[in-house]
Amino acid sequence: MHSKKQYSDEHLNAFIDNQLDTTEKAAILDAIRHDAELSQRVCTLQKLHNLVQLTYQSVEVPEHHKGTRTPTKETKYRWGVVASFFLVFGAIAGWLSNQAMNPNSLLDIAQVTHSPDHINNTKSWNLMLHVSTADPRRLNIVLNEAESLLAEYAKSSLKLNLEILTNQEGLTLVTNNGKAYNTRLQNLQQKYANLAVMVCGETLNKIQDAQGKKLKLLPNTKIVPSAISQIADRQKNGWSYIRI
Amino acid sequence: MKALEFICRSTTFKKQLEEIRPRLYKVAYSWCHAADIADDLVQDTVIKAIRNANSLRDMKKMNSWLFTILSNCWRDYLRKQKPTDDIDECIFTNDDTPELAHERQSITDIVQQAVTTLPQGQRQVLSLVDLEGFSYTEVAEIVGIPMGTVMSRLNRARKALSEQLLELKEQNVLRQGTYIRIVK
């Protein structure tokens, strides 16, 4: 026999308005199945809730409060000027960037420099991927690109030396937070000996000073004195550089 | 970068404000049941929101922030109208006339009529929960009352509304009954 529990109207209102946790909701749903009176009370409250909603849905909103306003001639003209500016600006920027970049899905958000040495060197390729943002989309791009490059070069006779350098917010990638990208990077490090992960010492010190504690980095993360000096040093020695 | 962030934030702010405007109007209307007052309330809310845009730190809270401004505008309006009354317990007079009653046929009119008889505090909580789907905690913040009061006002509002609707329904059925004619 199912024991009847008395539910207050406030409690049932909270049920209707989805303010209860799953356990409480399940208990009420179970009680409704065994108690016709309770079911009736819940039904009345639900009906009231729906009625109020329906009633005010039909209220006519004045045109000037509607989100989709027809643009006036003046706004159209203003947007026209802004659009033309961006069109010209975009065309110039696009032409300039095209001089230095090859068309590639990754490169639309990356800054790339190739040293002349790399072009001539056909036995190995030294590449640095630099990330300074915590944007998960970009972090995943770094990992996707690193993974595919490492896999591709592992099969070929060419040697790849890949360095992932992190600074500023990019430290998220190498901080051991148990995130999916942390685990992915760790797996890559374990699988490929030619992958080195580096962190900017200056950024690391700043964060540690601000937080008053040591950051837990992924194992085998090398701390370099500064990201800029590392980039400059690698470029001087003929490394390709991609900032993502 | 900061300038870019500022432009992006400003664009998002304006876009969201435009999107929420019709909803602000509907809620304002449910409180005052007068198109011109609802219009003024939303205008005031939008002006105050634009002037104080900098005080909104988290864009995710823009929705409840705007309704808080609307609630304050409504409070100010009521203070100006009836300075000596307790605004939470103020019951609106129902300016009903036989002509208006005759026009009211649909269920929405009946519900609106029932809502007008609710005390202001109860009506405000009811519309925020039922129309906008705010949580009790959010309503407490918007109206500036404890959550327990939100729950009790909502309960009283629904109880009164239920009774009112039953009564109005009976009246409406009786009234409709007088229109039935047998044509030979």
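Residues numbered from 1 in each chain as written. Chains lettered and ligands numbered in written order. Predicted model: local features only at pLDDT ≥ 70, side-chain atom pairs only at ≥ 80, totals over all residues. Heavy atoms only, no water.

Q: Quick question: what am I supposed to make of the nonpolar core here?
A: Nonpolar side chains in soluble globular proteins tend to end up buried together. Formed by 68 residues in total, the largest nonpolar core has its most connected members in B:Phe13, B:Phe67, B:Leu128 and B:Leu161. When residues of this core are assigned to their parent elements, the largest contribution, 10 residues, is made by helix α1 (residues 2–32) of chain B. When neighbours within four sequence positions are excluded, B:Leu161 is seen to be in contact with A:Leu48, A:Val52, B:Ala114, B:Val115, B:Leu118 and B:Leu126. Core analysis: the second largest hydrophobic core is formed by 31 residues, A:Leu129, A:Tyr153, A:Leu188 and A:Leu218 among them. (Core = buried A, V, L, I, M, F, W, Y, C linked by side-chain atoms within 4.5 Å. Buried < 20%, exposed > 50% of the residue type's maximum accessible area, 1.4 Å probe, protein only. Helix = DSSP H or I, 4+ residues; strand = E, 2+ residues; numbered from the N terminus. Contact = heavy atoms within 4.5 Å.)

Q: Hey, could you run me through the pattern of salt bridges in this one?
A: Using the criterion set out here, one finds 11 salt bridges over all chains in the structure. For the salt bridge of B:Arg158 with A:Asp17, the shortest nitrogen-to-oxygen distance reads 2.9 Å. Here the residue B:Arg158 occupies a position in helix α8 (residues 147–177), and A:Asp17 occupies one in the loop between α1 (9–16) and α2 (22–34), the pair thus bridging two chains. Using a relative accessible area of 10% as the deciding quantity, one classes A:Asp17 as buried. A:Glu147 serves as the salt-bridge partner of A:Arg184, at 2.8 Å between the closest nitrogen and oxygen. (Salt bridge = Lys/Arg side-chain N within 4 Å of Asp/Glu carboxyl O.)

Q: It is not clear to me how the packing of helix α6 (residues 136–155) of chain A against helix α7 (residues 180–191) of chain A should be interpreted in this structure. Could you clarify?
A: Between two packed helices, what matters for the description is the angle formed by their axes and the separation of those axes. Residue and element names in this part refer to chain A. In the contact formed by α6 and α7, the axes pass within 11 Å of each other and the chain directions differ by 20 degrees. Here α6 lies roughly parallel to α7, going by the angle between them. Handedness of the α6/α7 crossing: left-handed. For the pair α6 and α7, the contacting residues are Leu139, Asn140, Leu143, Asn144 and Glu147 in the first and Tyr181, Arg184, Leu185 and Leu188 in the second. In terms of residue class, the contact of α6 with α7 is made up of 5 nonpolar, 2 polar and 2 charged. (Axes fitted to C-alpha atoms, helices over the stretch in contact; angles between N-to-C directions. Parallel < 35°, antiparallel > 145°, perpendicular 65-115°, else oblique. Left-handed = near helix turned anticlockwise from the far one by under 90°. Nonpolar A, V, L, I, M, F, W, Y, C, P; charged D, E, K, R; others polar.)

Q: Looking at this model, I keep getting lost on the pairing of strand β4 (residues 195–200) of chain A. Mind explaining?
A: Taken residue by residue, a regular strand's side chains alternate between the two faces of the sheet. Residues and elements named next belong to chain A. The buried fraction of β4 amounts to 5 of the 6 residues, a majority that puts the element mostly inside the structure. Of the strand pairs in this sheet, strand β3 (residues 159–166) and β4 are connected by 5 bridges, and their pairing is parallel. From the neighbouring strand, Leu162 faces β4, where its bridge partner is Leu195. Note on the crossover from β3 through α7 to β4: the handedness is right-handed. Where β4 and strand β5 (residues 221–224) come together, 4 bridges link them in parallel fashion. Note that in β5 the partner of Cys200 across the bridge is Val224. Handedness of the β-α-β unit built from β4, helix α8 (residues 201–211) and β5 comes out right-handed. (Pairing = 2+ DSSP bridges. Right-handed = clockwise from strand over helix to strand, strands pointing away.)

Q: Can you walk me through α1(A) in this structure?
A: An α-helical segment advances 3.6 residues per turn. Residues three or four places apart therefore align on the same side. Those residues of α1(A) lying buried are A:Leu12, A:Asn13, A:Ala14, A:Phe15 and A:Ile16. Downstream of α1(A) by a residue or two, A:Asn18 has a phi angle that is positive, lying close to 60 degrees.

Q: Explanation requested: unusual backbone geometry in the structure shown.
A: Glycine aside, a negative phi is what most residues show, and trans is what most peptide bonds show. The backbone of A:Gln168 shows a phi angle near 45 degrees, a positive value even though the residue is not glycine. Relative to the helices and strands, A:Gln168 resides in the loop between β3 and α7.

Q: Honestly, the interface of chain A and chain B in this entry has me stumped. Any pointers?
A: Interfaces are often sized by the amount of accessible area the parts lose when they come together. With 27 residues of chain A at the interface, the matching set in chain B holds 32 residues. When chain A packs against chain B, close to 2,600 Å² is buried across both sides, 61% of that on carbon and sulfur atoms. Per-residue buried area on chain A facing chain B is highest for A:Leu48, A:Tyr56 and A:His65; these three make up 26% of the total on that side. There are 2 salt bridges connecting chain A and chain B. Counting across the chain A and chain B interface gives 14 residue pairs in polar contact (both at pLDDT 80 or more). For the side of chain A that touches chain B, the secondary structure elements donating two or more residues are α1 and α3 (36–57) of chain A. By residue number, the principal contributor to the side of chain A that touches chain B is α3(A), which donates 11 residues. Here the side of chain A that touches chain B is composed, by residue class, of 10 nonpolar, 11 polar and 6 charged. (Buried area = accessible area lost by both parts, 1.4 Å probe. Polar contact = N/O pair within 3.5 Å; in protein donor to acceptor, adjacent residues only side chain to side chain.)

Coordinates in, geometry out; function isn't part of it.
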